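Listed below, chain by chain, are the residues.
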Amino acid sequence: MYTNKNYKIEKDFLNYIIHQDYYKFLKDELNKYTQHGNTSIFKHSRDVAFMSYKMGSFFQNKFNAKIDYKDLIQACYMHDLFMYDWHEKSDWHKLHGFTHPQTAASNAEKYCNANDKVQSLIKSHMWPLTLTKIPKNKEAWILCLCDKCATIIEVFHWH
Ligand SMILES: [Fe+2]
Ligand SMILES: [Fe+2]
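Source: prediction; values computed, not measured.

Another aspect to go through is the coordination of the iron ion (ligand 1). Coordination sphere of the iron ion (ligand 1), protein contribution only: D80 (OD), H100 (NE2) and H125 (NE2), at 2.1 to 2.2 Å. The metal-metal distance between the iron ion (ligand 1) and the iron ion (ligand 2) is 3.4 Å, with D80 serving as a donor to both. Of the two residues, H100 sits in helix 5 (residues 96-112) while H125 sits in the loop between helix 6 (116-123) and helix 7 (138-155), which places them 25 residues apart along the sequence. The class for H100 is buried, based on a relative accessible area of 3%. Accessibility expressed as a relative area gives 0% for H125, which makes it buried.

Set out below in structure tokens:
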């Protein structure tokens with residue numbers, strides 16, 4: 001999914017989107033765990049960020065939609081910052097799908113100083129599983145959709 005050209009665009013983009021200290025923290029932390037198949041959570045998050053950036057640009061160019069890239073990309077990189085291995089067998093991990101958006105939002109605030117909007121984008125990314133956490137704005141819908149697309153690609157090993 002990542003060509004060198006895409007990777008360069010994304011890296012340039014990151015230079016001003018995410019504070020480099022937080023980026024380093026996220027990279028180290030999210031590389032400790034795998035998401036689906038053998039994709040690390042870091043790679044999953046980076047793919048979600050890149051897809052969201054592309055989808056945001058599309059809406060901006062096509063419909064003149066104003067996209068808040070700073071908050072959107074930060075939320076993408078932090079949306080699965082739950083900081084444990086959800087594959088390990090334990091009773092509360094069965095609830096992972098429902099609880100991890102809240103955990104990730106709290107960690108994003110604690111470790112990366114995420115603002116209220118970024119936290120709210122993170123909290124709604126698992127909708128409709130988390131029924132009451134409906135995406136509230138364009139950025140929230142983009143993250144919610146791109147997370148599902150990236151997950152399907154990982155589960156079926158299409159990347
Ligand atoms: Fe998630
Ligand atoms: Fe995710």
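From this point, the discussion proceeds with the structure in view.
On to the environment of Y53. Its location among the elements puts Y53 in helix 3 (residues 41-63). Distance from Y53 to E139, taken between C-alpha atoms, is 10.0 Å for residues 86 residues apart in sequence.

By the element assignment, H79 lies in the loop between helix 4 (69-78) and helix 5. At 2.6 Å, the side chain of H79 forms a polar contact with the backbone oxygen of C76. Sequence-distant contacts of H79, that is, excluding residues within four places in its chain, are made with H44, S45, V48, H100, A104, I122, H125, L143 and D147.

Turning our eyes to something else, we now look at a nonpolar patch on the surface. A surface patch of nonpolar side chains, about 280 Å² in accessible area, is lined by L95, F98 and L129. For L95, the location among the structural elements is in the loop between helix 4 and helix 5.

Buried residues dominate helix 4, accounting for nine of its ten residues. Every buried residue of helix 4 is listed here: Y69, D71, L72, I73, Q74, A75, C76, Y77 and M78.

Moving on, we get to the coordination of the iron ion (ligand 2). The protein atoms donating to the iron ion (ligand 2) are H44 (NE2), H79 (NE2), D80 (OD) and D147 (OD), with metal-donor distances spanning 2.1 to 2.2 Å. Coordination at the iron ion (ligand 2) is irregular: its four donor atoms span angles of 84 to 173° at the metal. Sequence spacing of the donors to the iron ion (ligand 2): H-x34-H-D-x66-D. Classification of H79 by relative accessible area gives buried; the value is 0%.

Here we take up the layout of surface pockets. If you add up the space inside the largest pocket, you get close to 240 Å³. H36, G97, H100, M126 and D147 are the residues nearest the centre of the largest pocket, which is lined by 17 residues in total. Residue assignment for the lining of the largest pocket shows that the elements contributing at least two residues are helix 5 and helix 7. Residues belonging to the lining of the largest pocket are distributed by class as follows: five nonpolar, nine polar and three charged.

A separate point is the packing of helix 3 against helix 4. At a minimum axis separation of 8 Å, helix 3 and helix 4 run at an interaxial angle of 155°. Taken together, the axis directions place helix 3 and helix 4 in an arrangement best described as roughly antiparallel. Crossing hand, helix 3 versus helix 4: right-handed. Contacts from F42, S45, R46, V48, A49, S52, Y53, G56, S57 and Q60 of helix 3 reach helix 4 at Y69, L72, I73, C76 and Y77.

Rules and cut-offs
- Residues numbered from 1 in each chain as written.
- Chains lettered and ligands numbered in written order.
- Predicted model: local features only at pLDDT ≥ 70, side-chain atom pairs only at ≥ 80, totals over all residues.
- Heavy atoms only, no water.
- Donors = N, O, S within 2.8 Å, 3.2 Å for Na, K, Ca; no water.
- Helix = DSSP H or I, 4+ residues; strand = E, 2+ residues; numbered from the N terminus.
- Buried < 20%, exposed > 50% of the residue type's maximum accessible area, 1.4 Å probe, protein only.
- Polar contact = N/O pair within 3.5 Å; in protein donor to acceptor, adjacent residues only side chain to side chain.
- Contact = heavy atoms within 4.5 Å.
- Patch = residues over 30% accessible without salt bridge, like charges linked within 9 Å, V, L, I, M, F, W, Y side chains within 5 Å.
- Areas by Shrake-Rupley, 256 points an atom, 1.4 Å probe, with all protein chains shown as cover.
- Salt bridge = Lys/Arg side-chain N within 4 Å of Asp/Glu carboxyl O.
- Tetrahedral: all angles 85-135°; square planar, octahedral: opposite > 155°, others 65-115°.
- 1 Å grid on protein atoms, 1.4 Å probe; cavity = no way out; pocket = protein on both sides within 12 Å on 5 of 7 lines; lining within 4 Å.
- Points joined across faces, edges and corners; volume = space filled by probe spheres on them.
- Nonpolar A, V, L, I, M, F, W, Y, C, P; charged D, E, K, R; others polar.
- Axes fitted to C-alpha atoms, helices over the stretch in contact; angles between N-to-C directions.
- Parallel < 35°, antiparallel > 145°, perpendicular 65-115°, else oblique.
- Left-handed = near helix turned anticlockwise from the far one by under 90°.

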